Amino acid sequence: MASSWNFRAKVPFLLLLVIQQLGIVLPAFSTNVHIVYMGERRHDEPELVTDSHHGILSDILGSREAAVESMLYSYKHGFSGFAAVLKPHQATLIADLPGVVHVVPNRILSLQTTRSWDFLQVKPQVVNGILEKGQSGGGSIIGILDTGIWPESESFRDVGMGKVPSHWKGICQGGEEFSSSNCNRKIIGARWYVKGYEAEFGKINTSDAVEYLSPRDASGHGTHTASTAAGAVVDNVSFMGLAKGTARGGAPSAWLSIYKVCWSTGGCSSADLLAAFDDAIFDGVDVISASLGSSPPLASYVDDVLSIGSFHAMAKGISVVCSAGNSGPYPQTVINTAPWVITVAANTIDRAFPTAIMMGNNQTVVGQALYTGNNMNKFYPIVYGEDIAYADSDEDSARSCDAGSLNGTLVRGKVVLCFQSRSQKTAANAARTILEMQGVGVIYAQYPAKDVTLAHGIPLVQVDFIVGTYLLNYMEATRNPVVKFSLTKTVVGRQVSPEVAFFSARGPSSLSPTVLKPDVAAPGVNILAAWTPIASAQSFDTTKNQLPLGFKFESGTSMSCPHISGIVALLKAIHPTWSPAAIKSALITTASLKDEYSLSAVAEGAPDKKADPFDYGGGHVDPNRAIAPGLIYDMKVPDYVQFLCSMGYNDTAISNIAKAPNKCRSKTKNLLLNLNLPSISIPEMKNRVTVSRIVTNVGPAISVYVARVEAPPGVNVIVEPSVLSFNFTSNKMKFKVTFCSLVRIQGRYTFGNLFWEDGSHVVRIPLIVRPIIEYYYPEV
């Protein structure tokens, strides 16, 4: 397919992408930009909103000219506010003005499928399944907030796409190597945002870096997420012969609107991100997918622009789906924890890439790789990183083959065995080190995980510590140890899945532990989806007749997020009147706690363990069951307003956010615990706690549901009433759940479930309880 891109001399940016994919926090810096958030709009005319913003800045800066020059964005569609270049004392003055909710310093955020959709049973062959009933997503518009898009990809063909919706107000914004002609009936909108980023770091020089000042995607991340959510059907797709099949998005008939807020030269500005939310709300999207965020410590909900933008999107009926972060398997690392967004953990699918390692003693062990070359068809000497290290190298660094630790002369022409260190350096680091030293292959022993690392220019086989130790023993017992690799094979259906991925961030939320996060888990390991040719050209040797790749494997919660975005688009097509809370409830209450073989699901970790709600929220998503959940736990804007009250924000601020006079119900007990979430999380239970929930019947009008409880260990649970009877005049019912600790200890979190069952529906919510003796428990 002809395309408008060209190969220009640009600086490699693989290290940056590794940083982004691992969710590494970028260094803190002193910001030049501040975001002045003013809540809901006070005027219906956007021009009047902008005039009011200029007026505020004029009073502070002394003239309208200075105000116009300082302002980067006027947020005037979904909410009111602006981003401007301000000195700290100027930001302080503005913060005290009437009508200003909060002044937020600009932050830099980081970026966090041939088989996956079949694995989820989202396929045409399922009669009355979500793909059929949701008309493949036709009628839904998905907004992708990411690194842009590569419009020439076959995943974005508009063959068979319907007419653009009449309510659509978006535009196709041009720029470098991107024009309005790059949009079509699939990509119906495209915008890009760089003012906030450049105000911090200076102008992006696209002659020195792999980037385009336009919606065109230079890094591949945005193209991958967009095609995962809503890519068209593309036959005969593979990654260099691996994982052959038909690639498609979850909602292949959904429209896409692209909002490029992240840049391959260094992350995503929160000022730019908020502008994208403002435009997406105005444009008329139905779903917003945002595979990005900031690692802990988490900003408060009035400081975090993703929380602010998603709140206003939710208020307009737009579902917002976010990644949970890649800082697992450690607890309290989950990000994007606002109760009005869907936060997605990553799990595995049932596809593996076994690669045999044959030793000189005719023994064979097996690891995983993405190796399709031909330079390992003979035996090569194998050495151990620690044995070929410089004398002054740190042992851990040598074992994990860190840069600068190994003697390059002893690496050249050999396969190197490396072991993951306590600092958890990655296989990609080791492969890069060995490649630079002209080694011929890497065997990387690590904590067991199913995520396979793609190494560029060198075969990399990942094994667990047992296999690594076996190889080490062979090397010690043999005078001239040698190995060779088989080509990688693709195997489906022979490994237990889904399992929560090792890297997937875990709960509880460090900001609001009464809100269970993540919400649900979806495929995020070794996902094959569309990619940017220019990005792959930086990684592969085109001088050896290797063409730039149009599809690529990626892993991360960035990949699980668009899976849920596609499913939400299908659900919205089936249930166009459901609120974002109703759709989230349907996903959570129908999710699965089992793997394919009906065994309790596992979470990868150190060590692996039985998965719990802090790993996967409600469980592993089951799209077809979510069509008809039976009961939903619904919420509207006033419910979230009371949540903000309980978080301690003042009446004036909340009134501005919600565009309505508000009085926090300070005397109401347990506001946080009684938020109508499809889960109950009690992080501090001294004796007895009673919480309430309201369920709405969305199944047969005449229905009777009976409660069943799997109580958390050490806790007694009573549900009143234990029977809910719905009829034509009553489709909402309230119930209470009383928890009583059976032990007097400063305990750990324990987990259970509450089920409502009517004979055909099973509506399950997680129960999470931590018994305590005192609210403050000092170490002794």
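The text that follows walks through the structure, step by step, so that each part is easy to find. (Residues numbered from 1 in each chain as written. Predicted model: local features only at pLDDT ≥ 70, side-chain atom pairs only at ≥ 80, totals over all residues. Heavy atoms only, no water.)

Some points on the overall build of the chain
Within the chain, the secondary structure is distributed over 21 helices and 39 strands. For 780 residues, the compact-globule estimate of 2.2 N^0.38 gives 28 Å, and the C-alpha radius of gyration of the chain, at 27 Å, lies within 12% of that figure. A buried classification covers 61% of the 780 residues belonging to the chain. Accessible surface for the chain amounts to roughly 29700 Å². Of this, 53% is attributable to carbon and sulfur atoms. Between the averaged position of the 64 positive side-chain charges in the chain and that of its 63 negative side-chain charges there is a distance of 5 Å. (Helix = DSSP H or I, 4+ residues; strand = E, 2+ residues; numbered from the N terminus. Rg over C-alpha atoms; globule rule 2.2 N^0.38 Å. Buried < 20%, exposed > 50% of the residue type's maximum accessible area, 1.4 Å probe, protein only. Areas by Shrake-Rupley, 256 points an atom, 1.4 Å probe, with all protein chains shown as cover. Lys, Arg positive; Asp, Glu negative; His and termini not counted. Charge placed at Lys NZ, Arg CZ, Asp CG, Glu CD.)

As for the nonpolar core
Grouped together as the largest cluster of nonpolar side chains are 64 residues, with contacts concentrated most on Tyr75, Leu145, Leu273, Ile288, Leu292 and Trp340. It is helix 9 (residues 270-283) that contributes the most residues to this core, eight residues altogether. With near-sequence residues (within four places) excluded, leucine 145 lies in contact with Tyr259, Val261, Leu273, Ala276, Phe277, Ile288, Ser289, Ala290, Ser291 and Leu292. Residues Leu131, Ile142, Ala230 and Ala569 belong to the second largest nonpolar core, which totals 44 residues. (Core = buried A, V, L, I, M, F, W, Y, C linked by side-chain atoms within 4.5 Å. Contact = heavy atoms within 4.5 Å.)

Thoughts on the side chain of aspartate 396
Here aspartate 396 lies in helix 11 (residues 395-399). Once residues lying within four places of it in the same chain are set aside, the contact partners of aspartate 396 are Ser421 and Arg422.

Description of the sheet that holds strand 3 (residues 81-85)
With antiparallel pairing, four strands are arranged side by side in an open sheet as 2-3-1-4. Each end of this open sheet is capped by a strand with a single partner; those strands are strand 2 (71-75) and strand 4 (102-105). Between one strand and the next, the sheet's axes are offset by a mean angle of 15°, whatever the strand orientation. In terms of strand pairing, strand 2 meets strand 3 through four bridges, oriented antiparallel. (Pairing = 2+ DSSP bridges. Axes fitted to C-alpha atoms, helices over the stretch in contact; angles between N-to-C directions.)

Overview of the state of the cysteines
For the coordinates displayed, the defined rule picks out three disulfides. Covalent S-S linkage joins cysteine 262 and cysteine 268, the inter-sulfur distance amounting to 2.0 Å. With the S-S dihedral at roughly 100°, the linkage between cysteine 262 and cysteine 268 falls on the right-handed side. The exposure class of cysteine 268 is buried, given its relative accessible area of 1%. Cysteine 561 takes part in no disulfide bond, and the closest cysteine sulfur, belonging to cysteine 322, lies 6.2 Å away. Cysteine 561 sits in the buried class, given a relative accessible area of 0%. (Disulfide = S-S within 2.5 Å.)

A word on the packing of helix 2 (residues 46-61) against helix 4 (residues 88-95)
Across the interface, helix 2 lies against helix 4 with an axial gap of 10 Å and an inter-helix angle of 125°. Between helix 2 and helix 4, the crossing angle belongs to the class labelled oblique. As helix 2 runs across helix 4, the sense of the crossing is right-handed. In contact with Ile56, Leu57, Ile60 and Leu61 of helix 2, helix 4 contributes Gln90, Leu93 and Ile94. Residue classes in the contact of helix 2 with helix 4 are distributed as six nonpolar, one polar and no charged. (Parallel < 35°, antiparallel > 145°, perpendicular 65-115°, else oblique. Left-handed = near helix turned anticlockwise from the far one by under 90°. Nonpolar A, V, L, I, M, F, W, Y, C, P; charged D, E, K, R; others polar.)

Quick notes on the sheet that holds strand 33 (residues 688-697)
The four strands lie next to each other as 31-33-37-35, forming an open sheet whose pairing is antiparallel. Each having just a single partner strand, strand 31 (631-632) and strand 35 (715-720) make up the two edges of the open sheet. Taken together, the nine bridges between strand 33 and strand 37 (residues 732-741) define a ladder with antiparallel strand orientation. Paired with isoleucine 694 across the bridge in strand 37 is lysine 734.

Re the pattern of salt bridges
The final tally for this structure, using the stated rule, is 23 salt bridges. For glutamate 40, the salt bridge goes to lysine 316, with nearest N and O atoms at 3.6 Å. Take glutamate 40: its relative accessible area is 10%, and that puts it in the buried class. Of the charged contacts in the structure, one is a salt bridge between aspartate 279 and arginine 191, with a shortest N-O distance of 3.7 Å. Within this pair, whereas aspartate 279 is found in helix 9, its partner arginine 191 is found in strand 7 (residues 187-192), the two being separated by 88 residues in sequence. Of the two residues examined, aspartate 279 and arginine 191, each falls in the buried class. In the salt-bridge network here, residues are joined through shared partners; they are Glu386, Glu395, Asp396 and Arg399. (Salt bridge = Lys/Arg side-chain N within 4 Å of Asp/Glu carboxyl O.)

Section: helix 14 (residues 465-477)
Under the 1.5 Å per step criterion, the end-to-end length of helix 14 is 18 Å for 13 residues, consistent within 8% with the ideal 18 Å. Residues of helix 14 that are buried include every one of Val467, Gly468, Leu471, Leu472, Tyr474 and Met475, and no others. The buried residues of helix 14 occupy an angular sector of 160° when projected down its axis, which confines them to one face. The outward face of helix 14, more than 90 degrees from its buried face, is lined by the exposed residues Ile466, Glu476 and Ala477. You can read the cap of helix 14 off the contacts: a side-chain oxygen lies 3.2 Å from the backbone nitrogen of isoleucine 466, and it is on aspartate 464. (Expected span 1.5 Å × (residues − 1). Arc of directions from axis to C-beta. Polar contact = N/O pair within 3.5 Å; in protein donor to acceptor, adjacent residues only side chain to side chain.)

Observations concerning the packing of helix 9 against helix 10 (residues 305-315)
Relative orientation and spacing of two packed helices are given, respectively, by the angle between their axes and the distance between those axes. Running from N to C, helix 9 and helix 10 cross one another at 5°; their axes reach a closest spacing of 9 Å. The orientation of helix 9 relative to helix 10 falls into the category roughly parallel. Of the residues in helix 10, those in contact with Ser270, Leu273, Leu274, Phe277 and Ile281 of helix 9 are Val305, Leu306, Ile308, Gly309, Ser310, His312 and Ala313. When its residues are assigned to classes, the contact of helix 9 with helix 10 shows eight nonpolar, four polar and no charged.

Notes on the packing of aromatic side chains
According to the stated counting rule, one finds 23 aromatic pairs in the structure shown. Ring centres of tryptophan 192 and tryptophan 263 lie 6.3 Å apart, and the angle between their planes is 75°; this geometry places the pair in the edge-to-face category. Of this pair, tryptophan 192 sits in strand 7 while tryptophan 263 sits in strand 11 (residues 262-263), placing them 71 residues apart in sequence. Judged by its relative accessible area of 0%, tryptophan 263 falls in the buried class. Across the ring face of tryptophan 150, the terminal group of arginine 216 is positioned such that the distance to the ring centre comes to 4.5 Å. If you follow arginine 708 out to its NZ or CZ, it ends over the ring of phenylalanine 755, 3.9 Å from the centre. (Phe/Tyr/Trp six-rings, centres within 6.5 Å; stacked < 30°, edge-to-face > 60°. Lys NZ or Arg CZ within 6 Å of the ring centre and 35° of its normal.)

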